[in-house]
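# Architecture and fold: a report
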Amino acid sequence: MICGVRELETICKEHSKCFGNKAANLSYMLFRSFNVLPGFCITFDLNEEYNAQIKRLKKSIDKAYKKLLQTSTNSVVIVRSSADIEDSENILFPGIFKSKKHVLNIDDLYRAIKECVYSAYVPRVKSYINAHGKSLKIKYFTVIVQEELDAEYSGVIFSQIPWQGYCNNTMLSQVVQYDNYEFTKGLCNANTYALTQKETFRYRCIEKRFNINCVKESKILHELYRVVLGIKDIFSYNIDIEWGYKDEQIYIFQARHLEKLIPHHLSTHTRKINAFGGLSEQGLKYQSMQFFRTNKLFPKPVLFFRKETRVSQISDSIKQSFFTGPITVRYSSNRDVGLPRAFLDSPSDAAKYIAETKNDNWSVIVYESVDILDSYELYLDHNKIILEHVPGMWESDSTLMTDTIVIENDNIYIWGVKDTRAVKYENFLGCHTEDNPPPTLTGVLKNLIHIFPVLESLQDLFENSEDLPINIHFVSDNENEYFLNCRVTPQIEFDINQESSLYIISDISDFSQWDGKTSILFRPRIHRGEEQFLWEFVPFLRKVDVPIFIEFGMLSHPAIVLREFGIPIIPTFLFHNYYKITKKELFN
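Residues numbered from 1 in each chain as written. Predicted model: local features only at pLDDT ≥ 70, side-chain atom pairs only at ≥ 80, totals over all residues. Heavy atoms only, no water.

## Quick word on the overall build of the protein chain
Counting its regular elements, the protein chain contains 13 helices and 28 strands. For the protein chain, contacts bridging at least 24 residues in sequence account for 66% of all contacts bridging at least 6. When the accessible surface of the protein chain is summed, it comes to about 26400 Å², and 48% of that surface belongs to carbon and sulfur atoms. (Helix = DSSP H or I, 4+ residues; strand = E, 2+ residues; numbered from the N terminus. Contact = heavy atoms within 4.5 Å. Areas by Shrake-Rupley, 256 points an atom, 1.4 Å probe, with all protein chains shown as cover.)

## Structural notes on the sheet that holds strand β12 (residues 302–305)
Sheet architecture is open: four strands sit in the order β12-β15-β13-β14, paired in antiparallel fashion. The open sheet terminates on both sides in strands that have one partner only, identified here as β12 and β14 (341–344). Averaged over all pairs of adjacent strands, the angle between their axes in this sheet comes to 15°, without regard to strand direction. Of the pairings in the sheet, the one linking β12 to strand β15 (residues 363–368) comprises four bridges and is antiparallel in character. Its bridge partner being in β15, Leu-303 is matched across the sheet by Val-366. Packed on one face of the sheet, helix α8 (residues 311–319) meets β12 and β15 and runs near 170° to β12. Against the sheet, helix α9 (residues 347–357) touches β13 (327–332), β14 and β15, its axis set at about 25° to β13. (Pairing = 2+ DSSP bridges. Axes fitted to C-alpha atoms, helices over the stretch in contact; angles between N-to-C directions.)

## Digging into the packing of aromatic side chains
Given two aromatic rings, one states the distance between the centres and the angle between the planes to describe the pair. This structure, assessed with the given rule, holds 23 aromatic pairs. For the pair Trp-415 and Phe-573, a centre-to-centre distance of 4.2 Å together with 10° between the ring planes defines the contact as stacked. Of this pair, Trp-415 sits in strand β19 (residues 411–417) while Phe-573 is found in the loop between β27 (570–571) and β28 (576–582), placing the two residues 158 residues apart along the sequence. Neither Trp-415 nor Phe-573 differs from the other in exposure class; each is buried. Through a chain of ring-to-ring contacts, the aromatic side chains of Phe-276, Phe-291, Phe-292, Tyr-376, Phe-462, Phe-474 and Phe-483 assemble into a single cluster. Above the ring of Tyr-118, the side-chain terminus of Lys-114 is found at 5.5 Å from the ring centroid. (Phe/Tyr/Trp six-rings, centres within 6.5 Å; stacked < 30°, edge-to-face > 60°. Buried < 20%, exposed > 50% of the residue type's maximum accessible area, 1.4 Å probe, protein only. Lys NZ or Arg CZ within 6 Å of the ring centre and 35° of its normal.)

## Let's talk about the sheet that holds strand β3 (residues 77–83)
An order of β1-β2-β5-β3-β4 is seen for the five strands of this open sheet, with the pairing classed as antiparallel. The sheet is open, and its two edges are formed by β1 (4–7) and β4 (100–103), each paired on a single side. On average, each strand axis in the sheet is inclined to that of its neighbour by 25°, with strand direction left out of account. Pairing analysis gives seven bridges linking strand β2 (residues 39–45) to strand β5 (residues 140–147), with the strands arranged antiparallel. Across the sheet, Cys-41 pairs through a bridge with Ile-144, a residue of β5. Sheet strands touched by helix α2 (residues 50–71): β1, β2, β3 and β5. Its angle to β2, the strand with the most contacts, is close to 175°.

## Here we look at the confidence of the model for the protein chain
The pLDDT averaged across the protein chain works out to 83; a share of 86% of its residues lies at or above 70. In this model residues 265–270 is a low-confidence stretch, pLDDT under 50, and it forms eleven contacts with partners more than four residues away in sequence or in other chains. (pLDDT = per-residue confidence, 0-100.)

## Considerations on the side chain of Asp-403
Following the sequence through the fold, Asp-403 ends up in strand β18 (residues 403–408). Side-chain polar atoms of Asp-403 contact the backbone nitrogen of Val-417, separated by 2.9 Å. A distance of 2.9 Å separates polar atoms of two side chains, one belonging to Asp-403 and the other to Arg-421. Residues within four places of Asp-403 in sequence aside, it is in contact with Leu-387, Glu-388, His-389, Trp-415, Gly-416, Val-417, Arg-421 and Pro-439. (Polar contact = N/O pair within 3.5 Å; in protein donor to acceptor, adjacent residues only side chain to side chain.)

## Comments concerning unusual backbone geometry
With an omega of 0°, the peptide bond between Leu-468 and Pro-469 qualifies as cis. Looking at the element boundaries, Pro-469 is found in the loop between α10 (441–461) and β22 (470–476). Residue Glu-248 is not a glycine yet carries a positive backbone phi of 65°. Tracing the backbone shows Glu-248 in the loop between β10 (239–246) and β11 (249–257). For Asn-409, which is not glycine, the phi dihedral falls at a positive 55°. As for its position among the elements, Asn-409 is in the loop between β18 and β19.

## Regarding the side chain of Thr-142
Here Thr-142 is to be found in strand β5. Looking at Thr-142, its side chain comes within polar contact range of the side chain of Thr-43, at 2.9 Å. In this structure Thr-142 touches Cys-18, Phe-19, Ala-23, Cys-41, Ile-42, Thr-43, Arg-80, Ser-81 and Ser-82, once residues within four positions along its chain are discounted.

As structure tokens, then:
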């Protein structure tokens, strides 16, 4: 008899898939002495009428709830869902079914149980199944009732970055203050960390959204890493874990399969840029800047250090250099993502920063800082140039609308942003924001005339190359252009005709209200260094049959990443002025 009430720790002993992997995995971890909060489970048959089942199970539920309150340190419980097909290797249902926290009494408990079971029938469940291309049906639905943890910190951790081509010994974790209920719904920000261990445990903060005592931070992350290694060992596959921390203990809320590694749309061999020659093991940033420096496209003093160079040697070289102003330090790697970067006031500050932060797998680039007033992304193909621009800094988490220029054959298409933009400027003095007025056509054309010889030079450099199409990032201080990075990219084609109605997708839950027909405006809540979390959108976006628009640049980092997964991204120009001229008109 599958339907009924069971103590959480007994679920795993029945070896049935009917309870769902969420409940089964928690039960097994509890059996293996990991910190899992006590609780019980109620299993329903969705082919039977709900009220009849709840009536039949009421005495058992009341008894299990009373026992849980007697044995728990907290009288508040959380009620969660575990469908029979949930958290399997191929379909996860992250955040799709209902959970109910802060359940205070027996009446609230029964309401929460009903909400969880009935969440199996909501439209987003069907949308999720369809997005994964599966003709699956939920038969058994288990509700998990557990003591609720009043967590000091909580979050999620991936035992491996779920993209092909990245380090398989690096875990990725996001941490929030208190419980992670709002975070898993995409409603609050988190600190993001990369965790590794070779001879010793090491971590680095990719993105900091709140301050945490460094001693406690280290202690939490080290214990989290140790616990995840233990869980990964007993399951023998990579896992995605939701966790909480209280009284110096890590508690596991959920452990499920990490989705299968998502392959890049580009094959491994085409990801190398042949024009750069060797040294691919040093990372693309390293190769790019050496190439640009050699071709006089980075007119400032710069030092390059291979990843195997000793920190003491790097420090001596920087202190003996002829840098005359503030210094920028960047790292490069062909494996890691979200690497740190710093603006320093002096060579000694730069040497100290590298000594404190350098990883053995990272090469180092040190140069006189550029006072960045404008940022650009350039797409270069055999017969097309696309140039996107934002004033100030343009980083991977930028949501600024871009000015866009497309040069194809003898025609030049221009889209200039209509409204004032809040622009970010950053240097060794810190970060500040200013309002930047919309560009005028005269200003856009003047700037294009200035940059045009550089674009022609780049076309010549890659003229006979199999590397095209290519994506290039550069910046300007209004006197010179400074080319910083380059990558192979899928070919870009888009129709200049624009949609008048768009449905906004910011997180996965937004798909539940989408009608399946309206074109999508994709606005992911992704911060610098967190682009890897875009993989969660991939199964949904791959099944979409309507255009997917993006407003902060089709050459922006999130757009590039999605195209590499074979998802076409189109720029939206609903908020732009449009102009069309010819090359002849530009220079007359």
